[in-house]
Amino acid sequence: MRQPDCVFCHKTDLVLENNLAKAFWDLHPVRKGHLLIVPKDHYATYFDVPVKTRQAMDDLLFQAKAFLDQRYQPAGYNVGINVNPAGGQTVMHAHIHLIPRYVGDVKDPRGGIRKMIPAAVRRHFTK
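Residues numbered from 1 in each chain as written. Predicted model: local features only at pLDDT ≥ 70, side-chain atom pairs only at ≥ 80, totals over all residues. Heavy atoms only, no water.

Visitor: Even after reading the chapter, I still don't get the nonpolar core, so can you show me in this structure?
Guide: Inside soluble globular proteins, nonpolar side chains tend to come together where they are buried. Counting residues in each nonpolar core, the largest one holds 17 residues, and the members touching the most others are Ile37, Met57, Leu60, Ala64 and Leu98. Of all the secondary structure elements, the ones that give two or more residues to this core are β2 (21-25), β3 (35-39), α1 (51-72) and β5 (96-101). Setting aside residues no more than four positions away along its own chain, alanine 64 makes contact with Leu16, Leu35, Ile37 and Leu98. Counting 6 residues, the second-largest nonpolar core is a separate cluster that includes Phe8, Cys9, Phe24 and Val38. (Core = buried A, V, L, I, M, F, W, Y, C linked by side-chain atoms within 4.5 Å. Buried < 20%, exposed > 50% of the residue type's maximum accessible area, 1.4 Å probe, protein only. Helix = DSSP H or I, 4+ residues; strand = E, 2+ residues; numbered from the N terminus. Contact = heavy atoms within 4.5 Å.)

Next comes the structure, spelled out in structure tokens:
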């Protein structure tokens, strides 16, 4: 079911889709080719998405990777899911980030997404 005030529910400029999920360009891309994969029905977080719909999202994730491989030939990928505001989720509609990575896009890519967010690298947390 769609929510009337949810931007992802009403997104129609799609790159890919299947029966239960859709993919579109991130409006604030981290890298060229950054896609979002979302369920067509509204679920607030990834953990709220039913199994069948999560499988459709996963299928679309692999289709999106093949599409980006052909279109941009990235050297790698980051796949990310933010859950709830404390986890960085800003749109409360479940979504998966598929972020292409390119040789030289950061000086040292070890540590993945952390290197694209410098403040995350500098901080050290203890229990």
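Having seen the model, we can carry on.
Visitor: What is the right way to read the environment of methionine 57 from this model?
Guide: Summarising the element assignment, methionine 57 is placed in helix α1. The buried category is assigned to methionine 57, whose relative accessible area is 0%. With 18 residues separating them in the primary sequence, methionine 57 and proline 39 have C-alpha atoms 6.6 Å apart. Setting aside residues up to four positions removed in sequence, methionine 57 forms contacts with Ala21, Ile37, Val38, Pro39, Tyr46, Val49 and Ile96.

Visitor: For this particular structure, what's the right way to read the sheet that holds β3?
Guide: Paired through backbone hydrogen bonds, the strands of a sheet run either parallel or antiparallel to each other. The antiparallel open sheet is built from 5 strands, whose spatial order is β1-β2-β3-β5-β4. For this open sheet the edge positions go to β1 (16-17) and β4 (76-80), each flanked by a neighbour on one side alone. (Pairing = 2+ DSSP bridges.)

Visitor: Explain the side chain of aspartate 26 to me, please; I cannot follow it from the model alone.
Guide: Summarising the element assignment, aspartate 26 is placed in the loop between β2 and β3. Although aspartate 26 lies buried, it forms no salt bridge, and the closest oppositely charged side chain, lysine 11, sits 8.7 Å away as judged by the N-O distance. Here the side chain of aspartate 26 touches histidine 28 through a polar contact of 2.6 Å, landing on its backbone nitrogen. If near-sequence neighbours (up to four positions away) are discounted, aspartate 26 is found in contact with His34, Leu35, Leu36 and His97. (Lys, Arg positive; Asp, Glu negative; His and termini not counted. Salt bridge = Lys/Arg side-chain N within 4 Å of Asp/Glu carboxyl O. Polar contact = N/O pair within 3.5 Å; in protein donor to acceptor, adjacent residues only side chain to side chain.)

Visitor: Would you mind going over the UniProt feature "active site" (unreviewed entry) in the chain with me for this structure?
Guide: Under the feature "active site" (unreviewed entry), the UniProt entry names His95. If you trace the backbone, histidine 95 turns up in the loop between β4 and β5. Ignoring any residue separated from it by four or fewer positions in sequence, one finds histidine 95 in contact with Phe8, Leu36, Ile37, Val38, Gly80, Ile81 and Gln89. Here histidine 93 takes part through its backbone oxygen, which lies 2.6 Å from a polar atom of the side chain of histidine 95. (UniProt positions renumbered as here; feature names shortened; annotations may be inferred.)

Visitor: Just to check I follow, could you spell out the packing of aromatic side chains for this structure?
Guide: The way to describe two aromatic rings as a pair is by their centre distance and the angle between their planes. Considering all chains together, one arrives at 4 aromatic pairs under this definition. Consider the rings of phenylalanine 8 and phenylalanine 24, whose centres lie 5.3 Å apart with planes at 65°: the pair is edge-to-face. Of this pair, phenylalanine 8 sits in the segment before β1 while phenylalanine 24 sits in strand β2; the two residues are 16 residues apart in sequence, bridging distant segments of the chain. By the burial criterion, phenylalanine 8 is buried, and phenylalanine 24 matches it. Here tryptophan 25 and tyrosine 72 contribute two aromatic rings whose centre-to-centre distance is 6.4 Å and whose plane-to-plane angle is 70°, an arrangement assigned as edge-to-face. Taken together, the residues tryptophan 25 in strand β2 and tyrosine 72 in helix α1 connect sequence positions 47 residues apart. By the ring-pair criterion, three or more aromatic residues cluster together here, those being Trp25, Phe67 and Tyr72. (Phe/Tyr/Trp six-rings, centres within 6.5 Å; stacked < 30°, edge-to-face > 60°.)

Visitor: Could you clarify how one ought to interpret unusual backbone geometry in this entry?
Guide: Excluding glycine, a negative phi dihedral is what most residues carry, and trans is how most peptide bonds are arranged. Unusually for a residue other than glycine, glutamine 73 sits at a positive phi of about 50°. Note that glutamine 73 resides in the loop between α1 and β4. For asparagine 84, which is not glycine, the phi torsion reads 70° and is therefore positive. We classify asparagine 84 as partly exposed; its relative accessible area is 37%.

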